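The residues making up each chain are set out below.
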Amino acid sequence: MQLIGLLDSPYVRRVAISMQWLGLAYDHQPLSVFRTFDAFQAINPVVKAPTLVCDDGQVLMDSGLILTYVEALAHPRSLMPTDLDALRDDLRIIGLALAVCEKSIQIYYERTLRPAEKRHAPWLERITGQLLAACDGLEETLETRPLPVKTETITQASITTAVAWYFTQQMVTDVVPAGSYPALVALSAQAEALPAFLAAPFGGALAASSLAATPQ
């Protein structure tokens, strides 16, 4: 399998970390949807990161759909709970974390891709409010229900939340002040010290030693 996309994307990174934990071997091609558009388009005409090229050549995209597939490949090993109530709770957390990713990216693109004179202040205000609401929801959840952040017990909710928070602190830290979210800061610090996170560093290259089909 080949995972296509840069690790500065929270969507690519959550898949990279998850596949390592699940013990799935893959090659990583750090292609950019901007700088290497043509090369990416040759693999996936939609040019959407992450893209997963399966062993038979089929191309999957969207991190959630890719994770559904790799979870099936790794069965019975899983990052998702089987208990219905626990599954519902984790899906709620993952939804909040993905909202953090989405709104952070929208703010970053609005600031960096759109000329200053064409930026729409009401739109920025709206998506900033959505981002902060999602962060507030995660912080409140962690205060009452800490997520597991050990290699043996980590879950997809933990991975996605940690990846999402780290992304905000790299891209929109002025919008999401760390001092307001101590529980998220603590979760991120613990997660980033784990082997699977260290092997897939934000903005870096996937460590070659992490590509063996053994859990990290």
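Residues numbered from 1 in each chain as written. Predicted model: local features only at pLDDT ≥ 70, side-chain atom pairs only at ≥ 80, totals over all residues. Heavy atoms only, no water.

## Looking at the layout of surface pockets
Step number 1: As a volume, the largest pocket reaches approximately 900 Å³.
Step number 2: Around the largest pocket, the lining comprises 38 residues; the ones closest to its centre are S9, P10, Y11, A49 and I105.
Step number 3: Elements represented by at least two residues in the lining of the largest pocket include exactly α1 (10-21), α3 (63-74), α4 (84-112) and α6 (156-171). (1 Å grid on protein atoms, 1.4 Å probe; cavity = no way out; pocket = protein on both sides within 12 Å on 5 of 7 lines; lining within 4 Å. Points joined across faces, edges and corners; volume = space filled by probe spheres on them. Helix = DSSP H or I, 4+ residues; strand = E, 2+ residues; numbered from the N terminus.)

## What to know about the pattern of salt bridges
Step number 1: Summed over the entire model, instances satisfying the criterion amount to seven salt bridges.
Step number 2: Where E192 meets R13, a salt bridge forms, and the shortest distance between an N and an O atom there is 2.7 Å. With E192 in helix α7 (residues 182-192) and R13 in helix α1, this pair connects stretches of sequence that are 179 residues apart. Each of the two residues, E192 as well as R13, counts as buried.
Step number 3: Among the ionic pairs, D85 bridges to R88, the shortest N-O distance being 3.6 Å. Taken together, the residues D85 and R88, both in helix α4 and three residues apart, mark about one turn of the helix.
Step number 4: Taking relative accessible area as the criterion, D85 reaches 44% and is therefore assigned partly exposed. (Salt bridge = Lys/Arg side-chain N within 4 Å of Asp/Glu carboxyl O. Buried < 20%, exposed > 50% of the residue type's maximum accessible area, 1.4 Å probe, protein only.)

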